Amino acid sequence: MLKIEHLTKVYDNGVVALKDVSFEVPDGQFLVIIGLSGSGKSTLLRCINRLIEPTEGHIYWDGNDITEATDEELRQIRRRIGMIFQHFNLVKRSSVLTNVLSGRLGYTSPLWSFVNHFSREDHQKALEKLARVGIADKASIRADQLSGGQQQRVGIARALMQEPELMLADEPVASLDPATSHSVMKYLERLNHEDGITILCSLHFLSLARAYGDRIIALKDGRIEFDGDPDEIDDQRFRDIYGEDAVRVEIS
Amino acid sequence: MDHSKPPSSRTALRTLLIVLAVVVGVVVYAYGWTTTDISLDEVQDPTRTGNVQRALRELFNPDLFTRDREAKSFFMAFFIGCPEEEQQRGHVDLEGGAYVIVTPVCADPDDVITVEGYNFPENAIAGIRLNRDTGQAQPFQIIDASGKNTQESIFDVDNTGYFKVQVKVPRARGLSGETHQVEFQTVSPSGLPRFSETARTVGDKMIETIFLALMATTLAVPISVVLSFLSARNLMREIGVPLGTVLVGFMLLPVGAVLGWILLGRLGSLGVDWGEKPLQGILASAVALAALIAALRFINGIAPLAESVWGRRVRGLILNILMLTAGVFVLGALGGVFIWLGKQLDSGLAEYLGNFVGTLGKLVDLTIRGIAALGGAALLGSAGANWSADLLRHVREPLSNILGAIFGLISGALLMAATAYVGGQAVLLSLLNALVAALLGGEVAVLAYQRLFQTQNGKRQARHEDTRGDDASRTLLFFIGAVVAFLVTAQVLDLLRAIVDGRPPSEREWDILGLGVRIYLGEAAIIGGVLGAVAGGLAGTNMSFPLGMTVYNASRTILNALRSIEPLIMGIVFVIWVGVGPFAGVLALTLHSIASLGKLYSEQVESIESGPIEAVQATGANRLQTIVYGVVPQIIPPYIAFTMYRWDINVRMSTIIGFVGGGGIGFLLQQQINLLRYQQAGVAVLAIAVVVSVLDYASAAIRERYV
């Protein structure tokens with residue numbers, strides 16, 4: 001169970017990205033977060049694993065207060081939370097395998113990783129994860145040689161290396177074409193269904209949100225504008241979320 | 001629209017301003033012209049013009065090649081003082097098929113005769129002289145086409161062995177009426193051309209120069225890499241640690257250093273001693289490593305330690321102590337073995353290796369205690385910081401303020417005493433003390449203001465939300481506090497005495513519990529203690545301390561200061577220290593390269609993508625792992641490129657570092673210029689130009705491939 005209470009984030013330049021956001025996510029849910037650019041989606045996801053320090057509020061997960069964790073505790077928590085990114089955030093000059101293995105860093109002794117050593121099991125696991133996202137044959141090539149969709153799948157494999165219980169997906173398909181978008185979303189859906197991983201995924205397109213989400217939270221100017229079933233979003237709600245001038249764009 | 005046309009008074013004002021600016025600019029420029037002595041008188045001075053022409057001609061005629069020369073002489077009988085029935089032309093055969101045609105065949109002294117020679121050694125330079133019975137020789141001087149005496153007596157033989165020259169018969173008493181021996185002397189090149197002696201010396205020195213640059217670059221790289229991470233804003237900005245933790249760590253640093261120096265340093269020295277008897281050293285190292293691994297296994301296996309947070313902490317500390325201990329010993333032993341090896345390898349090619357390895361060993365021997373002290377300080381400091389972080393986290397006001405005051409007192413006193421010690425070494429450094437005090441004073445002022453006029457609601461607020469908006473008043477307050485603290489410190493420590501009179505601080509001592517404490521240090525410590533206590537008390541242990549930015553600013557300042565000192569000046573200092581020679585040059589260029597590479601590298605770190613770092617952090621990696629996996633792969637190509645570039649620059653710089661005695665080709669060049677041997681200097685200049693442009697091209701090509 002992930003519980004967010006009165007989360008507020010004010011950046012150093014005074015921008016208020018999140019204002020008193022509270023919600024709960026039961027284990028195993030596929031939660032989609034929608035909203036305009038700048039509505040606070042990325043900030044919200046990054047507050048959960050404290051890539052961004054929240055200004056106020058608390059985030060509880062499995063009874064631990066993430067916001068109060070020490071650096072050491074935070075690393076223990078982070079390694080159970082996978083994350084994938086809009087721009088994939090792979091180390092482009094490293095091989096696919098190294099990128100995937102880096103998902104294991106939270107479990108590896110710093111001294112071993114300093115000399116670039118991972119255990120045999122980790123290597124085995126990395127190849128398994130790559131096979132699971134269908135690119136086992138690409139293990140030894142450089143990450144920037146892959147197409148966008150393949151890079152995002154490497155990103156998923158990297159997150160899977162952490163054996164995560166929670167997956168944060170920050171607009172995972174925003175840089176991809178529609179067909180690839182669906183394939184990536186399908187992988188996330190399978191992780192949700194087969195592995196029972198709780199997924200928090202921010203998306204631009206309402207159609208994708210409807211197709212994959214169990215529940216939708218809409219953010220507007222850092223506040224929760226809507227929280228509920230995907231089917232509840234009618235035209236009026238849509239305009240509330242995206243503004244009066246918005247027109248629906250379908251992605252199929 | 002009227003605002004599209006500005007009022008005419010405004011236009012006039014603008015024009016006036018522009019005219020004024022131009023006038024001021026011209027005046028400033030004219031002043032500069034005069035100050036730099038730009039004058040056309042010197043340029044036109046005929047002696048100077050002559051000198052520079054000669055110098056340039058020689059520079060452009062470098063003494064690069066040479067070949068063997070062969071001297072030959074051909075003899076002919078020549079009658080001076082002609083009888084009336086003389087012939088107009090005479091054909092005279094000489095040795096080796098050479099012959100001359102002399103017109104006229106005999107002549108009086110001072111007569112001009114034409115001599116044509118055939119089958120002489122090709123391309124020779126030649127001269128004609130008259131050999132007297134007395135052993136004296138008189139040259140035939142050459143007369144040019146217009147009949148003028150050129151005062152020269154040397155002429156060229158062309159490539160077919162032919163020459164034609166008009167010469168004047170020498171005049172002397174008692175010449176007439178006799179047959180004399182005339183000698184044709186030729187000096188002709190023979191054999192293959194080869195490099196001259198100068199060229200070979202220059203070549204040797206050029207190799208020395210290139211290696212000088214290579215040594216300086218490679219020695220600088222590791223230090224620069226570390227500094228570049230510390231001077232990268234994007235890596236350091238995030239690092240904020242609660243003040244209490246920082247202070248605890250800081251207080252433990254000297255304790256750790258002393259313990260390391262005494263306990264581990266002794267062990268390291270023992271390692272060196274044993275290593276010099278290599279069998280013993282290697283065996284002991286192997287035993288130490290095996291024991292270390294066994295101990296690690298054993299401790300990792302103790303279940304209770306792995307279960308609680310504190311158990312893990314204790315385990316971590318023990319592991320670190322064991323690893324440091326074994327590490328220092330093995331390093332010492334390795335140094336000892338190297339020293340031994342250096343003594344064994346002393347012949348032939350191995351001598352280079354022996355010298356290298358032996359020096360490394362001696363370096364270990366020299367620094368092992370320092371390394372042990374640093375290790376001890378780092379270990380104890382970080383352990384203290386880690387352990388205290390947990391304890392202090394739950395401390396609330398007012399206890400946090402009281403603890404802050406106590407920690408601040410000790411830390412401030414330590415900091416100022418250490419600075420005062422450094423400051424006591426040189427006049428300029430004594431300012432450091434006042435500057436550190438000023439920083440503390442500024443912080444005190446700001447903290448006091450926040451304390452009195454702003455309510456801090458909750459720790460999180462204080463930690464993450466800087467009170468924006470009143471930046472200006474904060475800066476002002478900081479400035480006031482800093483100035484006050486600066487003046488007070490300057491007064492108490494009597495900095496005027498140091499800075500104006502240039503005298504070292506007083507040697508007087510206080511007697512505290514039988515220990516003599518220099519009053520100067522004591523006073524500095526008191527100021528630091530007071531300021532530290534007030535600042536710490538006001539801030540409390542929970543306030544976030546921007547450790548990263550502090551380190552960033554410190555290392556940036558060091559880099560900038562180092563970079564602003566020309567390597568030539570560093571070279572002068574090092575020549576005083578290690579004597580004239582390439583080693584001084586290596587040290588000077590290394591120091592400068594550290595600063596310059598550190599800056600270039602850190603800019604590369606600052607321009608890397610933040611995404612991969614974020615992703616690696618999100619997996620639960622710690623800071624070291626984040627750097628190894630998120631940062632390093634991104635910066636390797638530019639680091640290689642900049643290292644090449646630096647080598648290229650160092651070659652250029654090492655060509656002139658010799659001017660101050662730093663070895664390399666500059667040394668040679670300077671000597672030759674001082675001796676006015678421009679032909680030889682020309683070779684050095686040419687060699688520099690060739691090597692620099694080749695390296696420039698190579699480094700550009702490599703950089704293009706990588707960046």
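Look up a bit, the structure's there.
Residue positions are given per chain, counted from 1 along the sequence in the order it is written. As they are written, the chains are lettered A onward and the ligands numbered 1 onward, keeping that order. Given that the model is predicted, a residue must reach a pLDDT of at least 70 before its local features are reported, and side-chain atom pairs must reach 80 or more before they are shown or counted; all residues, however, enter totals for whole chains, interfaces and linings.

Peer 1: I'm lost on the overall build of chain B in this one. Help?
Peer 2: Secondary structure elements are defined from DSSP: runs of H or I of at least 4 residues count as helices, runs of E of at least 2 residues count as strands, and each element is numbered from the N terminus. Along the backbone of chain B there are 23 helices and 14 strands. As defined in this context, the radius of gyration uses C-alpha atoms, and a globule is described by 2.2 Å times the residue total to the power 0.38. A compact globule built from 707 residues would reach a C-alpha radius of gyration of about 27 Å, whereas chain B, at 40 Å, exceeds it by more than 25%. With the C-alpha coordinates aligned to their principal axes, the bounding extent of chain B is approximately 135 × 95 × 60 Å. Counting the 707 residues in chain B, one finds 36% classified as buried. Taking as baseline every contact in chain B between residues at least 6 positions apart, the subset at least 24 positions apart corresponds to 77%. In this scheme the burial state of a residue depends on its C-beta neighbours within 10 Å: 20 or more other such atoms mean buried, 12 or fewer mean exposed, and anything in between means partly exposed; the C-beta positions come from the backbone. Residues are treated as contacting if the C-beta atoms built from their backbones sit within 7 Å of each other.

Peer 1: Can you walk me through the overall build of chain A in this structure?
Peer 2: Tallying secondary structure elements over chain A gives 9 helices and 10 strands in all. Relative to the 2.2 N^0.38 estimate, which gives 18 Å for 252 residues, the radius of gyration of chain A is 18 Å and therefore close to what a compact globule would have. Once the C-alpha set of chain A is aligned to its principal axes, its extents read approximately 55 × 40 × 35 Å. Here chain A, with 252 residues, has 45% of them falling under the buried criterion. Taking the contacts inside chain A whose residues are at least 6 apart along the sequence as the reference set, 68% of them involve residues at least 24 apart.

Peer 1: What is the right way to look at the interface of chain B and chain A in this model?
Peer 2: At the junction of the two partners, chain B supplies 26 residues and chain A supplies 28 residues. Counting residues per element, the ones that place at least two in the side of chain B that touches chain A are α10 (350–393), α13 (459–464), α20 (611–618) and α21 (623–657) of chain B. Following the grouping adopted for this structure description, the nonpolar residues are Ala, Val, Leu, Ile, Met, Phe, Trp, Tyr, Cys and Pro, the charged ones are Asp, Glu, Lys and Arg, and the polar ones are all others, Gly among them. Of the residues contributing to the side of chain B that touches chain A, the split by class is 10 nonpolar, 9 polar and 7 charged.

Peer 1: Even after reading the chapter, I still don't get the sheet that holds strand β4 (residues 56–61) of chain A, so can you show me in this structure?
Peer 2: Sheet strands line up and pair through hydrogen bonds in the backbone, either parallel or antiparallel. Residues and elements named next belong to chain A. Two strands pair under a simple rule: DSSP has to find at least two bridges between them. With antiparallel pairing, 4 strands are arranged side by side in an open sheet as β2-β1-β4-β5. Of all strands in the sheet, those bounded by a partner on one side alone are β2 (16–25) and β5 (64–65). Axis definition: a line fitted to C-alpha atoms, over the contacting stretch in the case of helices. Angles run 0 to 180 degrees between N-to-C directions. Of the strands in this sheet, β1 (2–10), β2 and β4 touch helix α1 (residues 41–48), which is tilted by about 60 degrees from β2.

Peer 1: Looking at this model, I keep getting lost on the sheet that holds strand β9 (residues 215–220) of chain A. Mind explaining?
Peer 2: Residues and elements named next belong to chain A. Strand order in this open sheet of 6 strands is β6-β7-β8-β3-β9-β10, and the pairing throughout is mixed. A strand with exactly one partner marks an edge of an open sheet, and here the two such strands are β6 (81–84) and β10 (223–228). Going from strand to strand, the sheet's axes swing by 15 degrees on average, the running direction of each strand aside. Two elements, strand β3 (residues 30–34) and β9, share 4 bridges in a ladder whose sense is parallel. Residue pairing across strands places isoleucine 34 opposite alanine 218, the latter belonging to β9.

Peer 1: What exactly am I supposed to notice about the pairing of strand β4 (residues 112–118) of chain B here?
Peer 2: When a strand is regular, its side chains alternate between the sheet's two faces. All names here are of chain B. Here β4 shows one buried face, formed by Ile113, Val115 and Gly117, and one open face, formed by Val112, Thr114, Glu116 and Tyr118. Looking at chain direction, strand β3 (residues 99–103) and β4 are connected through 5 bridges and run antiparallel. The residue bridging tyrosine 99 from the neighbouring strand is tyrosine 118, located in β4. As paired strands, β4 and strand β9 (residues 163–168) are joined by 6 bridges and run antiparallel to one another. Note that in β9 the partner of valine 115 across the bridge is valine 165.

Peer 1: Help me understand the environment of proline 582 of chain B in this model?
Peer 2: All names here are of chain B. With respect to the helices, strands and loops of the structure, proline 582 is situated in helix α19 (residues 582–606). According to the C-beta neighbour criterion, proline 582 is buried, with 23 such atoms within 10 Å. Residues proline 582 and arginine 677, 95 residues apart in the sequence, show an inter-C-alpha distance of 23 Å. Setting aside residues up to four positions removed in sequence, proline 582 forms contacts with Glu208, Leu212, Gly662, Gly663 and Gly664.

Peer 1: Any chance you could explain the nonpolar core here in plain terms?
Peer 2: Grouped burial of nonpolar side chains is what soluble globular proteins tend to show. As used here, a nonpolar core is made of buried Ala, Val, Leu, Ile, Met, Phe, Trp, Tyr and Cys residues. They are joined through C-beta atoms within 7 Å. Counting 117 residues, the largest nonpolar core has Ile33, Ile34, Val100, Leu168, Ile199 and Leu200 of chain A as the members making the most contacts within it. Not counting chain neighbours up to four residues away, the residues in contact with valine 100 of chain A comprise Ala126, Lys129, Leu130, Val154, Ala157, Arg158 and Met161 of chain A.

Peer 1: I tried to follow the packing of helix α11 (residues 399–423) of chain B against helix α16 (residues 519–539) of chain B on my own but got confused; where do I start?
Peer 2: A packed helix pair is summarised by two numbers, namely the angle formed by the two axes and the spacing between the axes. Residues and elements named next belong to chain B. Interhelical geometry of α11 versus α16 gives an angle of 150 degrees and a closest axis separation of 6 Å. One finds that α11 runs roughly antiparallel with respect to α16. In this structure, α11 meets α16 at a crossing whose hand is right-handed. A per-class count over the contact of α11 with α16 returns 18 nonpolar, 11 polar and no charged. Any angle that falls under 35 degrees is termed roughly parallel, while one over 145 is termed roughly antiparallel, one within 65 to 115 roughly perpendicular, and all others oblique. Crossing handedness is defined as follows: a turn of the near helix away from the far one that is anticlockwise and smaller than a right angle gives a left-handed crossing, while the clockwise case is right-handed.

Peer 1: Explain the packing of helix α12 (residues 430–453) of chain B against helix α14 (residues 471–492) of chain B here, please?
Peer 2: All names here are of chain B. Packing of α12 against α14 brings their axes to within 6 Å, and their N-to-C directions diverge by 140 degrees. If you check the angle between α12 and α14, you find them oblique. In this structure, the crossing between α12 and α14 has a hand that is right-handed. Listed contacts from α14 to Asn433, Ala434, Ala437, Ala438, Leu439, Leu440, Gly441, Gly442, Val444, Ala445, Val446 and Tyr449 of α12 are Arg474, Leu477, Phe478, Phe479, Ile480, Gly481, Ala482, Val484, Ala485, Phe486, Thr489 and Ala490. Taken together, the residues that form the contact of α12 with α14 break down as 18 nonpolar, 5 polar and 1 charged.

Peer 1: Before we go on, may I ask you to explain the environment of leucine 624 of chain B in this structure?
Peer 2: With respect to the helices and strands, leucine 624 of chain B occurs in helix α21. Look at leucine 624 of chain B and you get partly exposed, because 13 C-beta atoms sit within 10 Å. Considering only alpha carbons, one finds leucine 624 of chain B and valine 221 of chain B, 403 residues apart in sequence, at a separation of 19 Å. In this structure, leucine 624 of chain B is in contact with Pro110 and Phe114 of chain A, ignoring residues within four places of it in sequence.

By themselves, these observations are geometric and do not establish any function.
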